[in-house]
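Listed below, chain by chain, are the residues.
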Amino acid sequence: MDLSEIADRLLIEDLFVRYTTALDRGDVETIVHCFAADGTLESPAVGGYAGHDGIREFATRFAGFHRGGAQLRHFISNLAVELDGDQARATCYLLNVLTRNGQSRMLAPGRYECDLVKLDGRWLFQRRVVILDHEIKLDGV
């Protein structure tokens, strides 16, 4: 493994962490800028979104959930990356803890399946799919 591959893997890991922590904070613009301009997001809990306008709609809805007093904590692990030049596929496991009204509970575990693209030296999500072990409903999103 050469230094550029190591750097790419670290940048991809950083992308995953920036995205999940931005979700937890309700940081709309950081979420939007984790995606390519024509990127897509698919999630059984919140639906499908395309392009920066669609991702912004999703992120704004999600931020409203956060502003309403709910706190999610996204925990990701077992990140596996397959690099192919300026494109990559990555997957990781996902756990979410939801805290609301002084009570915390774990939501359905799952994983992220992602296609990535490197543009101007930055790795971005081209396609991000959330796969959960069972259906969940996020009231307020």
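For the structure itself, consult the block above.
Residues numbered from 1 in each chain as written. Predicted model: local features only at pLDDT ≥ 70, side-chain atom pairs only at ≥ 80, totals over all residues. Heavy atoms only, no water.

1. Thoughts on helix α3 (residues 51-67)
Each turn of an α-helix holds 3.6 residues, which means side chains three or four residues apart point in the same direction. How we decide: A run of DSSP states H or I qualifies as a helix once it reaches four residues; a run of E qualifies as a strand once it reaches two. Both are numbered from the N-terminal end. A helix is expected to reach a length of 1.5 Å times the quantity of its residues less one. Throughout this description, buried means an accessible area under 20% of the type-specific maximum (1.4 Å probe, protein chains only), exposed means over 50%, and partly exposed covers the range between. Two residues qualify as a contact provided that any one of their heavy atoms is within 4.5 Å of a heavy atom in the partner residue.
Over its 17 residues, α3 extends 24 Å from the first C-alpha to the last, a length consistent with the 24 Å expected when each residue adds 1.5 Å. If you check which residues of α3 are buried, you get Gly51, Gly54, Ile55, Phe58, Ala59, Phe62, Ala63 and Phe65. Lining the buried residues of α3 we find α1 (3-25), α2 (28-32), β1 (35-43), β2 (47-50), β3 (71-84) and β4 (87-100).

2. Remarks on the nonpolar core
For clarity, the cut-off: Note on terminology: a nonpolar core comprises buried Ala, Val, Leu, Ile, Met, Phe, Trp, Tyr and Cys residues joined through side-chain atoms within 4.5 Å.
Judged by nonpolar contacts, the single largest core of 39 residues is most densely connected at Phe16, Tyr19, Ile31, Phe58, Tyr112, Leu116 and Phe125. Sorting the residues of this core by element identifies α1, α2, β1, α3, β3, β4, β6 (110-119) and β7 (122-132) as the ones contributing at least two each.

3. Re the pairing of β2
Keep this limit in mind: Pairs of strands are assigned from DSSP output, requiring at least two bridges between the strands.
Here β1 runs beside β2; their pairing, made up of 4 bridges, is antiparallel. For Leu41, the partnering residue across the bridge sits in β2 and is Tyr49. Once β1 ends, the chain turns through 3 residues before running back antiparallel as β2.

4. Details of the environment of Arg122
Put simply, the test is: As used in this structure description, the phrase polar contact means that two N or O atoms lie within 3.5 Å; if the pair is within protein, one of them must be able to donate a hydrogen and the other to accept it, and residues adjacent in sequence are counted only when both atoms belong to side chains.
With respect to the helices and strands, Arg122 occurs in strand β7. For Arg122, the contacting residues outside a window of four places in its chain are Arg18, His33 and Val117. For Arg122, the side chain forms a polar contact with the main-chain oxygen of His33, separated by 2.9 Å.

5. As for the packing of aromatic side chains
The line we're drawing: Here a pair means two rings of Phe, Tyr or Trp (six-membered ring of Trp) with centres within 6.5 Å. Their orientation is stacked below 30 degrees between planes, edge-to-face above 60, and tilted elsewhere.
With the rule as written, the count across this model stands at 7 aromatic pairs. Ring centres of Tyr19 and Phe35 lie 5.8 Å apart, and the angle between their planes is 70°; this geometry places the pair in the edge-to-face category. Of this pair, Tyr19 sits in helix α1 while Phe35 is found in strand β1, placing the two residues 16 residues apart along the sequence. Judged on exposure class, the residue Tyr19 and its partner Phe35 are both buried. Taking the centre distance of 5.6 Å and the plane angle of 50° together, the rings of Tyr49 and Phe58 count as tilted. Of the two residues, Tyr49 and Phe58, neither departs from the other in class, the shared state being buried.

6. Topic: the environment of Val129
For Val129, the location among the structural elements is in strand β7. Along the chain, Val129 and Ala88 lie 41 residues apart, while their C-alpha atoms are 14 Å from each other. Each residue touching Val129, except ones within four places of it in the same chain, is listed here: Glu42, Arg111, Tyr112 and Glu113.

7. So, α1
For α1, with 23 residues, the first-to-last C-alpha span of 32 Å sits near the 33 Å given by 1.5 Å per residue. Those residues of α1 that fall on the buried side of the exposure criterion are Asp8, Ile12, Leu15, Phe16, Tyr19, Thr20, Ala22, Leu23 and Asp24. Phi for Gly26, located one or two positions after α1, is positive at around 75°.

8. Thoughts on the pattern of salt bridges
Selection rule: We define a salt bridge as a side-chain nitrogen of Lys or Arg found within 4 Å of a carboxyl oxygen belonging to Asp or Glu.
Here the structure, examined in full by the defined rule, presents 10 salt bridges. Across the pair Arg56 and Glu29 runs a salt bridge whose closest N-O atoms are separated by 3.0 Å. With Arg56 in helix α3 and Glu29 in helix α2, this residue pair connects regions lying 27 residues apart in the sequence. The exposure class of Glu29 is partly exposed, given its relative accessible area of 36%. Two residues, Arg89 and Asp115, come together in a salt bridge whose shortest N-O distance is 2.3 Å. Taken as a pair, Arg89 in strand β4 and Asp115 in strand β6 lie far apart in primary sequence, 26 residues in all. Salt bridges sharing partners connect three or more residues here, namely Arg89, Arg111, Glu113 and Asp115.

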